[in-house]
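Working through the structure, step by step
Chain residues, written in single-letter form:
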Amino acid sequence: MKSRMSSKLSSTKKVPVIDLGHLGLGQEPGQEEWQRVTRELYNALTEFGCSYLANHGVPDDQWRLLYDSTIAFFNLEQGKKDRYAFDADKLSGYIGMGSESYSGSTRELCEGLLARRTEQLPDEPEIPSLKPAAESFLKSCKELSERIMAALSLSLGKDPEHLLSIHKERGTDKNITTLRFNHYPPVPSTIPEGTFRFGAHRDFGTITFIFQDDCGGLQVQDSEGSWFDVTPVPGTIFLLAGEFLQFHSGEKFLAPTHKVLIPAGEEARGTARVSILYFVAPDNHIPMRPPGNPSTDTPMTVQEYITSSIKNAQK
Ligand SMILES: [Fe+2]
């Protein structure tokens with residue numbers, strides 16, 4: 001029996017789709033729209049810790065070009081990919097299959113590529129569009145995340161600049177906001193019991209944007225411990241709250257545990273899954289405590305917490 005057979009699956013959960021309307025990129029929202037989106041984000045992140053974002057304004061052709069470039073990178077011969085081996089101090093580079101796990105002992109069929117800035121991405125003749133596509137994509141994600149963080153600040157009763165004021169250093173060495181590409185190759189016909197595409201974990205930072213294809217398999221755990229499917233909704237971004245946001249919101253927002261299963265029949269389909277993730281982290285020096293830890297623990301900085309968590313996951 002493989003990991004897709006979860007014992008506590010509750011497929012009745014309905015994660016809301018939030019229509020950003022004029023809060024999407026390239027538009028100017030009025031006061032009523034700010035209030036609506038603020039309210040809907042508050043409700044979604046307090047109940048689920050996640051939501052879909054529709055009408056986000058990140059251009060479809062921008063995402064499509066980056067998606068195609070991602071596949072081209074992962075299709076390079078292994079020796080070429082290994083030239084860009086992950087550097088845990090720089091938090092950038094290629095993570096090969098089986099060399100990372102955030103969930104302990106589970107077997108995971110995933111390879112990844114991380115970069116905080118586009119110049120950290122690979123240069124190969126087969127992937128001429130990767131850097132330019134990532135550049136424009138990062139710009140869009142940064143701008144959209146600023147709008148979402150303004151709405152989240154308002155939803156916490158704060159000034160709209162509240163969260164932005166602790167995310168000022170994105171794009172520099174003083175902040176570890178990261179773009180990550182995940183490639184899940186076609187599933188072999190026989191795989192060991194308990195194999196996942198990505199094991200259960202929580203994200204560490206403020207928010208994550210997940211751009212997933214139509215393959216499916218992503219699941220989120222609710223506060224009672226039941227898992228529910230995050231079925232791909234075309235044209236949307238999936239928004240997840242991270243541990244810093246849970247801590248910083250006084251535990252109002254939840255950083256949900258999530259994983260990527262192997263959907264039923266995937267071996268027969270023989271398709272790869274690709275997701276592109278934008279992990280928003282506060283500036284390195286900001287203090288935090290991981291949620292659920294006793295308040296007597298000495299706080300650590302965001303940089304200490306996130307880099308040690310990522311280093312611990314490398315095998
Ligand atoms: Fe995650």
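Residues numbered from 1 in each chain as written. Predicted model: local features only at pLDDT ≥ 70, side-chain atom pairs only at ≥ 80, totals over all residues.

In the annotation of an unreviewed UniProt entry, the entry for the chain reads 2-oxoglutarate-dependent dioxygenase htyE-like 2, and the organism field reads Homarus americanus.

**Quick look at the UniProt feature "domain: Fe2OG dioxygenase" (unreviewed entry) in the chain**
The condition is simple: UniProt positions are given in the numbering used here, feature names are shortened, and annotations may be inferred rather than shown by experiment. Runs of H or I in DSSP of at least four residues are treated as helices and runs of E of at least two as strands, each being numbered from the N terminus.
UniProt feature "domain: Fe2OG dioxygenase" (unreviewed entry): in the numbering of this structure it lies at residues 175–282. Counted over residues 175–282, helix gives 9% and strand 39%. Its end C-alpha atoms are 7 Å apart.

**A closer look at helix α4 (residues 130–155)**
Note the cut-off: How far a helix is expected to stretch is found by multiplying one less than its residue total by 1.5 Å.
Its 26 residues give α4 an end-to-end C-alpha distance of 36 Å, which sits within 8% of 38 Å, the value for a rise of 1.5 Å per residue. Note on α4: the residue one or two positions beyond its end, G157, has a positive phi of about 80°.

**As for the packing of helix α2 (residues 60–74) against α4**
To be explicit about the condition: Inter-axis angles, ranging from 0 to 180 degrees, are taken between N-to-C directions of lines fitted to C-alpha atoms, where helices are fitted over the stretch in contact. Note on angle classes: values under 35 degrees are labelled roughly parallel, values over 145 roughly antiparallel, values of 65 to 115 roughly perpendicular, and the remainder oblique. Note on convention: the crossing is left-handed when the near helix lies turned anticlockwise from the far helix by less than a right angle, right-handed when the turn is clockwise. Residue pairs are scored as contacts if the distance between their C-beta atoms, which are placed from the backbone, is within 7 Å.
Two elements in contact, α2 and α4, have axes whose closest approach is 9 Å; the angle formed by their N-to-C orientations is 135°. With respect to α4, the axis of α2 lies oblique. Relative to α4, α2 is oriented so that their crossing is left-handed. The residues of α4 that touch α2, namely those facing Q62, W63, L65, L66, S69 and F73, are L130, A133, A134, S136, F137 and S140.

**Looking at the pairing of strand β2 (residues 50–54)**
Basically, it comes down to this: Exposure classes come from backbone-placed C-beta atoms, where a residue is buried if 20 or more other C-beta atoms lie within 10 Å of its own, exposed if 12 or fewer do, and partly exposed in between. We call a crossover right-handed when, viewed with both strands directed away from the observer, the connection leading from the first strand over the helix to the second proceeds clockwise. We treat two strands as partners when DSSP finds at least two bridges between them.
Within β2, four of the five residues are buried, which leaves the element mostly enclosed by the surrounding structure. Taking the sense of rotation as the criterion, the β-α-β connection linking strand β1 (residues 17–19), helix α1 (residues 31–47) and β2 turns out right-handed. Bridge count between β2 and strand β12 (residues 237–241): four bridges; the pairing is antiparallel. In the strand pairing of β12, S51 is matched with L239.

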